[in-house]
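Listed below, chain by chain, are the residues.
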Amino acid sequence: GESVGLHLPTLSVQEGDNSIINCAYSNSASDYFIWYKQESGKGPQFIIDIRSNMDKRQGQRVTVLLNKTVKHLSLQIAATQPGDSAVYFCAETYPGTALIFGKGTTLSVSS
Amino acid sequence: DAGVTQSPTHLIKTRGQQVTLRCSPKSGHDTVSWYQQALGQGPQFIFQYYEEEERQRGNFPDRFSGHQFPNYSSELNVNALLLGDSALYLCASSLRLAGNEQFFGPGTRLTVL
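So, here's what we can say about the structure. None of the values given here were measured: they were computed from a predicted structure. (Residues numbered from 1 in each chain as written. Chains lettered and ligands numbered in written order. Predicted model: local features only at pLDDT ≥ 70, side-chain atom pairs only at ≥ 80, totals over all residues. Heavy atoms only, no water.)

## Thoughts on the interface of chain A and chain B
Listed as interface residues are 21 residues of chain A and, on the opposing side, 17 residues of chain B. When chain A packs against chain B, close to 1400 Å² is buried across both sides, 53% of that on carbon and sulfur atoms. Joining chain A to chain B, the criterion identifies zero salt bridges. For the interface between chain A and chain B, the tally reads three residue pairs in polar contact (both at pLDDT 80 or more). Listing elements by their share of the side of chain A that touches chain B, those giving two or more residues are β4 (32-38), β5 (45-51) and β9 (86-93) of chain A. Looking at the side of chain A that touches chain B, the element that brings in the most residues is β4(A), giving four residues. Along the lines of polarity and charge, the residues of the side of chain A that touches chain B split into 10 nonpolar, seven polar and four charged. (Contact = heavy atoms within 4.5 Å. Buried area = accessible area lost by both parts, 1.4 Å probe. Salt bridge = Lys/Arg side-chain N within 4 Å of Asp/Glu carboxyl O. Polar contact = N/O pair within 3.5 Å; in protein donor to acceptor, adjacent residues only side chain to side chain. Helix = DSSP H or I, 4+ residues; strand = E, 2+ residues; numbered from the N terminus. Nonpolar A, V, L, I, M, F, W, Y, C, P; charged D, E, K, R; others polar.)

## Here's the deal with the side chain of Thr31(B)
Residues and elements named next belong to chain B. Here Thr 31 is to be found in strand β4 (residues 31-37). A relative accessible area of 1% places Thr 31 in the buried class. A polar atom in the side chain of Thr 31 sits 2.9 Å from the side chain of Asp 30. Among all residues touching Thr 31, those that are not within four sequence positions of it are Gln 48, Tyr 49, Tyr 50, Gln 68, Ala 92, Ser 93, Ser 94 and Arg 96. (Buried < 20%, exposed > 50% of the residue type's maximum accessible area, 1.4 Å probe, protein only.)

## Side note on the layout of surface pockets
When its volume is computed, the second largest pocket comes out at roughly 300 Å³. In this structure, the second largest pocket is lined by 19 residues; those nearest its centre are Gln38(A), Val87(A), Phe89(A), Gln37(B) and Gly40(B). Here the lining of the second largest pocket gets three residues from one element, more than from any other, and that element is β9(A). Here the residues of the lining of the second largest pocket are counted per class, giving seven nonpolar, eight polar and four charged. (1 Å grid on protein atoms, 1.4 Å probe; cavity = no way out; pocket = protein on both sides within 12 Å on 5 of 7 lines; lining within 4 Å. Points joined across faces, edges and corners; volume = space filled by probe spheres on them.)

## Considerations on the sheet that holds strand β7 (residues 64-68) of chain B
All names here are of chain B. Across the sheet, four strands lie side by side as β1-β3-β8-β7; this open sheet has antiparallel pairing. Since the sheet does not close on itself, it has two edges, and those belong to β1 (5-7) and β7, each with one partner. Mean inter-strand twist for the sheet, computed between neighbouring axes without regard to direction, equals 20°. Pairing geometry for β1 and strand β3 (residues 19-24), over three bridges, is antiparallel. Looking at β3, one finds that Ser 7 is bridged to Arg 22. (Pairing = 2+ DSSP bridges. Axes fitted to C-alpha atoms, helices over the stretch in contact; angles between N-to-C directions.)

Structure below.
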């Protein structure tokens, strides 16, 4: 079946660095994408979303970029903090379907 | 404003038993989706309920069933438990007319021995 995949299972950065987490999606019909953060023992927490009619969306310290040509999604975290350490998932969907999650990238931030 | 709540937090069952997990959606939400998350994996969609009916279903056997009540809360039932059913079960709620933005609960950790 179709699924959303992430390029790297783990990413280690220093506190204060910028982090970039990548995701490739396979369904060109997907029109809504979400990044979730999941801390140990907790459910996924919404970070930021983007619709297919946009290329970029910014939040507080986070930016999501969408490249529909190559079906690529990325999450940029500015000035990464130890509290950003978690597993990050991208998810895709299109009208009438449920969210499809990838396997996740574990971000480790050292101080 | 209460978020999504789930009960119980943890549960231990043996093979062949049946289990019921419960979910209360975020205030104002009318749609509940259930996901299974195996260790080290992303959540996998089980099914979605809206207006007390199952609206979508993922690739899960009939042993997995659910229900939605008039107050929008929901239950997930799993019969004839297998070892492979051990996972974190997540409930997510959303507002149907607001699109696909879903808010997740903390999950129920099910261990099947």
